[in-house]
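# Survey of secondary and tertiary structure
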Amino acid sequence: MSALTTPDVDVVVVGAGFAGMYATHLLRTKNNLTVQGFERGSGVGGTWFWNRYPGARCDAESIVYSYSFDDEIQQEWTWSERWATQPEILEYANFVADKIGIRDTFRFNTEVASMAWDDDSQTWTTTTAAGDKTVSKYVVTAVGCLSASQVPDFKGLSDFAGQVYHTGAWPHEGVDFTGKRVCVIGTGSSGIQSIPRIAEAADHVTVFQRTATFTVPAQNRPLGVDEMAQVKAVYPALREHAKSTAAGVIVKQPIGRALELDAETVRAELDARWAQGGPTFMNAFTDTMSDLEANEITAEYVRERVREIVQDPETAELLSPHAYPIGTKRICVDTDYYETYNRDNVDLVSVKEHPIEKIGTRGPVVNGVEYDCDVLVMATGFDAITGPLLRLNITGSEGRPLSEAWAEGGKSYLGLAVAGFPNMFTVTGPGSPSVLTNMILSIEQHVEWITDFLLDLEDAGVGVVEASLQAQEQWVADVNAIADQTLYPQAASWYMGSNVPGKARVFMPYAGGADAYRAICDEIVSSGYSGFVMDAGASERAEQRQEEMAPVV
Ligand code: NAP
């Protein structure tokens with residue numbers, strides 16, 4: 001590419017989920033920049049566009065799992081249930097898209113095949129799967145953390161005679177399970193939400209469980225008109241409360257350290273939170289996520305509930321999680337999950353001792369037995385956080401692929417920018433609180449931070465900006481140090497990249513809380529954007545990287 005290349009637009013935004021929609025809106029209205037958006041789906045909504053499996057719901061409460069940036073939007077929209085269903089959230093995304101008028105900025109049904117930075121022209125070229133190219137000054141990736149579906153490499157899968165569906169790429173027309181024999185592989189959030197609904201509709205369901213998962217009841221209920229009116233009257237205060245918490249939600253504060261409280265108090269608190277429902281159950285005590293002995297108190301409480309609910313003792317034992325400390329894999333939130341195993345048409349097959357050998361023409365084969373089914377549901381998760389970004393085939397300065405820069409795991413500065421990838425910003429990238437928090441709240445914070453940064457850069461006439469390698473290394477070290485103070489690294493979870501063969505085992509999100517993280521990002525602004533290198537020429541930036549990579553003697 002020649003040095004005279006003129007960008008087609010100022011910014012390319014990839015993804016029309018909640019991050020891409022808000023980024024596009026602010027870039028156009030606040031920054032007054034031209035934007036081209038690309039979205040592989042046919043509509044907006046991101047994760048809620050794809051995950052249409054039965055029972056799909058949010059596990060952050062509807063009233064805070066929504067945009068706060070526009071009071072008109074939050075006053076006009078009314079949530080109907082405590083935990084919104086996927087169709088309602090998708091409807092909300094479409095409502096917002098119309099309100100802020102961003103659809104015309106996006107090319108839908110358009111997959112990005114590659115994104116390449118050119119050091120000479122200081123531009124990005126985004127190439128679509130159809131071969132169309134768009135040149136831009138900046139790129140903003142808004143591809144979500146859980147959008148690259150992960151299907152295990154099962155032998156024989158292509159020979160299976162029935163239908164196969166992944167929960168993360170569910171058919172828009174739905175699946176009619178009436179009279180069908182169904183096998184479901186996977187018991188993470190997607191499996192736990194869908195299994196009860198599939199069991200209600202299907203003739204028979206066989207669930208293949210490798211690791212028993214901790215799940216707490218949603219205790220879902222409708223939100224009455226009066227309740228929503230009360231919420232709307234205090235929305236600003238409610239949003240401020242959410243911002244002041246680590247998870248970015250409405251939380252009931254912990255009552256103390258489980259190990260220092262008497263057994264009766266501990267029990268009463270867990271009973272109350274179980275009855276209240278939702279992930280705030282995990283917030284009962286301050287030591288649950290940092291002390292194994294404390295963690296075991298909450299874990300055993302859940303196992304007790306499983307034994308109480310599930311009638312068959314053998315099935316109850318199989319469903320009782322022992323493989324990891326509670327909370328170190330994302331806590332699931334369910335409606336009637338354990339109860340479902342009391343139905344006559346549901347069987348549980350453990351594939352812990354005997355993994356799925358292959359998928360036969362009639363169904364999964366375990367320990368020599370083929371389980372016949374008409375429909376095979378893969379609730380097998382995602383190549384999380386880094387997967388969606390690597391799928392874009394990004395190359396940075398000097399033609400370096402992101403896959404090479406991330407060979408040891410996703411590295412970034414603040415989860416917002418990657419050294420060696422100038423003028424690229426990653427909304428909720430690796431090293432940001434993202435999946436440990438209310439995603440929409442974290443998305444808003446990132447998008448506002450990035451767009452304010454771009455305003456400042458444009459005002460100052462800066463052409464090229466990049467995270468310094470030194471700042472990035474320090475941030476990655478900080479992220480790891482914080483994770484090491486918790487029990488998180490003890491689980492083989494998707495947070496750690498453990499669910500993808502060959503993926504580096506690194507704890508990817510920032511576990512210090514959305515509140516602390518926001519304060520750090522604000523301090524970086526006050527310091528004049530420390531950790532970013534501005535307008536160094538390509539050769540100077542390369543030199544700087546060489547110096548930073550030189551061994552310290
Ligand atoms: P997941 O948590 O990664 O669960 C995948 C499941 O598939 C696990 O049970 C896993 O077993 C199993 N599995 C994978 N490969 C297997 C194999 N070869 N043989 C047998 N079992 C296999 O994925 P997910 O349920 O889609 O959830 C991912 C994340 O998406 C959640 O943690 C959550 O953050 C988000 N999500 C949220 C909601 C919500 O808001 N309510 C709903 C759905 C998803 P192992 O545990 O043994 O690996």
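Residues numbered from 1 in each chain as written. Predicted model: local features only at pLDDT ≥ 70, side-chain atom pairs only at ≥ 80, totals over all residues. Heavy atoms only, no water.

## Digging into the site of the ligand
Put simply, the rule reads: Residues are counted as near a molecule or strand when any one of their heavy atoms sits within 4 Å of it. Whenever two N or O atoms come within 3.5 Å, that pair is a polar contact, provided that in protein one can donate a hydrogen and the other can accept it, and provided that, for residues adjacent in sequence, both atoms are side-chain atoms. Helix numbering and strand numbering both begin at the N terminus, where a helix is a DSSP run of H or I of at least 4 residues and a strand a DSSP run of E of at least 2. Only Asp, Glu, Lys and Arg are considered charged, only Ala, Val, Leu, Ile, Met, Phe, Trp, Tyr, Cys and Pro nonpolar, and every remaining residue, Gly among them, polar. Each domain span listed reflects an automatic or database assignment of domains.
Lining the immediate surroundings of the ligand are 24 residues, of which R57, S190, Q193, T211 and K329 lie closest. Here an oxygen atom of the ligand sits 2.6 Å away from a polar atom, N or O, in the side chain of S190. Measuring from an oxygen atom of the ligand, one finds a backbone N or O atom of A379 at 3.3 Å. With three residues, helix 5 (residues 189-201) is the largest single contributor of residues to the shell around the ligand. For the shell around the ligand, the residue count by class is ten nonpolar, nine polar and five charged. If you count residues domain by domain, the shell around the ligand takes at least three from each of domain 1 (9-146 + 385-549) and domain 2 (157-378).

## Observations regarding the sheet that holds strand 16 (residues 375-378)
To keep it simple, the criterion reads: Strand pairing is assigned whenever DSSP identifies at least 2 bridges connecting the two strands. For helices, the fitted axis covers only the stretch in contact; all axes are lines through C-alpha atoms, and the angles between them, taken along N-to-C directions, range from 0 to 180 degrees.
Across the sheet, which stays open at both edges, the five strands sit in the order 7-16-8-9-12 with parallel pairing between neighbours. Of all the strands in the sheet, the pair left with one neighbour each is strand 7 (163-166) and strand 12 (346-350). Neighbour-to-neighbour, the strand axes of the sheet open up by a mean angle of 20°, direction not taken into account.

## As for the packing of aromatic side chains
Applicable threshold: For Phe, Tyr and Trp, where Trp contributes only its six-membered ring, two rings pair if their centres lie within 6.5 Å, and the inter-plane angle classes them as stacked under 30 degrees, edge-to-face over 60, or tilted in between. When a residue's accessible area, from a 1.4 Å probe over protein chains only, is under 20% of the maximum for its type it is buried; when over 50% it is exposed; and in between it is partly exposed. For a Lys NZ or an Arg CZ to count as sitting over a ring, it must be within 6 Å of the ring centre and within 35 degrees of the ring normal.
Taken as a whole, this structure holds 38 aromatic pairs when the rule is applied. With a centroid separation of 5.2 Å and an interplanar angle of 40°, the aromatic rings of W77 and F95 are classed as tilted. Taken together, the residues span a long stretch of sequence, with W77 in the loop between helix 3 (71-76) and helix 4 (86-100) and F95 in helix 4 at a distance of 18 residues. The residues W77 and F95 share a single accessibility class, namely buried. Among the aromatic side chains, those forming a connected cluster through ring pairs are F18, Y22, W48, Y65, Y67, F69, W77, W79, Y92 and F95. Here the guanidinium or amino end of R40 rests over the ring plane of W50, the centre of that ring lying 4.4 Å away. Sitting over the face of the ring of F49, R52 holds its NZ or CZ atom 4.8 Å from the ring centroid.

## Description of the sheet that holds strand 14 (residues 364-366)
For sheets, the rule is that strands pair by backbone hydrogen bonds, running either parallel or antiparallel. Strand order in the open sheet formed by three strands is 13-14-15, and the pairing between neighbours is antiparallel. Two strands close off the open sheet at either side, each with one partner strand: strand 13 (356-359) and strand 15 (369-370). Direction of pairing for strand 13 relative to strand 14: antiparallel, over a ladder of three bridges. Residue pairing for strand 14: I359 is matched across the bridge by P364.

## Side note on the domain arrangement of the chain
Let me state the cut-off plainly: Any two residues having at least one pair of non-hydrogen atoms within 4.5 Å are treated as being in contact. Defined here as a combined quantity, buried area equals the accessible surface (1.4 Å probe) lost by two parts on assembly, summed across both. Salt-bridge detection follows one rule: a side-chain nitrogen of Lys or Arg within 4 Å of a carboxyl oxygen of Asp or Glu.
The domains assigned to the chain are domain 1 (9-146 + 385-549) and domain 2 (157-378). Spacing between the C-alpha centres of domain 1 and domain 2 amounts to 28 Å. At the junction of the two partners, domain 1 supplies 45 residues and domain 2 supplies 51 residues. Roughly 4100 Å² of surface becomes buried between domain 1 and domain 2 when both sides are summed, with 55% attributable to carbon and sulfur atoms. Linking domain 1 with domain 2 are one salt bridge, by the criterion used here. Among the salt bridges present, the one from R330 reaches D59, with a minimum N-O distance of 2.6 Å. Where domain 1 packs against domain 2, one counts 27 residue pairs in polar contact (both at pLDDT 80 or more). Secondary structure elements with two or more residues in the side of domain 1 that touches domain 2: helix 2 (47-50), helix 3 and helix 16 (514-526).

## Points about the pairing of strand 6 (residues 133-141)
Here strand 6 lies mainly inside the structure; eight of its nine residues are buried. Where strand 1 (residues 9-14) meets strand 6, five bridges bridge the pair, whose relative direction is parallel. Opposite V9, over in strand 6, you have S136 as the bridge partner. The sheet contact formed by strand 5 (residues 123-128) and strand 6 spans four bridges and is antiparallel. Its bridge partner lying in strand 6, T127 is registered against K133. The turn linking strand 5 back onto strand 6 is made up of four residues, and G131 within it adopts a positive phi angle of 95°. As paired strands, strand 6 and strand 18 (residues 424-426) are joined by three bridges and run parallel to one another. Each residue of the ladder has a partner; that of V139, found in strand 18, is M424.

## A word on the side chain of T206
Mapped onto the fold, T206 is located in strand 9 (residues 204-209). In this structure, T206 is in contact with V182, C183, V184, D347, V349 and Y371, ignoring residues within four places of it in sequence.

## Notes on the packing of helix 14 (residues 439-460) against helix 16
Put simply, the test is: We call two directions roughly parallel when the angle between them is under 35 degrees, roughly antiparallel when it is over 145, roughly perpendicular when it lies between 65 and 115, and oblique otherwise.
One can describe the packing of helix 14 onto helix 16 by two numbers: an axis separation of 11 Å at closest approach and a directional angle of 0°. What the angle tells us is that helix 14 and helix 16 run roughly parallel. Contacts between helix 14 and helix 16 pair L441, S442, Q445, H446 and W449 from the former with A514, Y517, R518, C521, D522, I524 and V525 from the latter. A per-class count over the contact of helix 14 with helix 16 returns seven nonpolar, three polar and two charged.

## Points about the pattern of salt bridges
When charged atoms on two side chains of opposite charge get close, those side chains can pair. The final tally for this structure, using the stated rule, is 30 salt bridges. Note that R197 and D336 form a salt bridge whose closest N and O atoms lie 3.9 Å from each other. Of this pair, R197 sits in helix 5 while D336 sits in the loop between strand 11 (332-334) and helix 11 (337-340); the two residues are 139 residues apart in sequence, bridging distant segments of the chain. Of the residues examined, D336 reaches a relative accessible area of 39% and is grouped as partly exposed.

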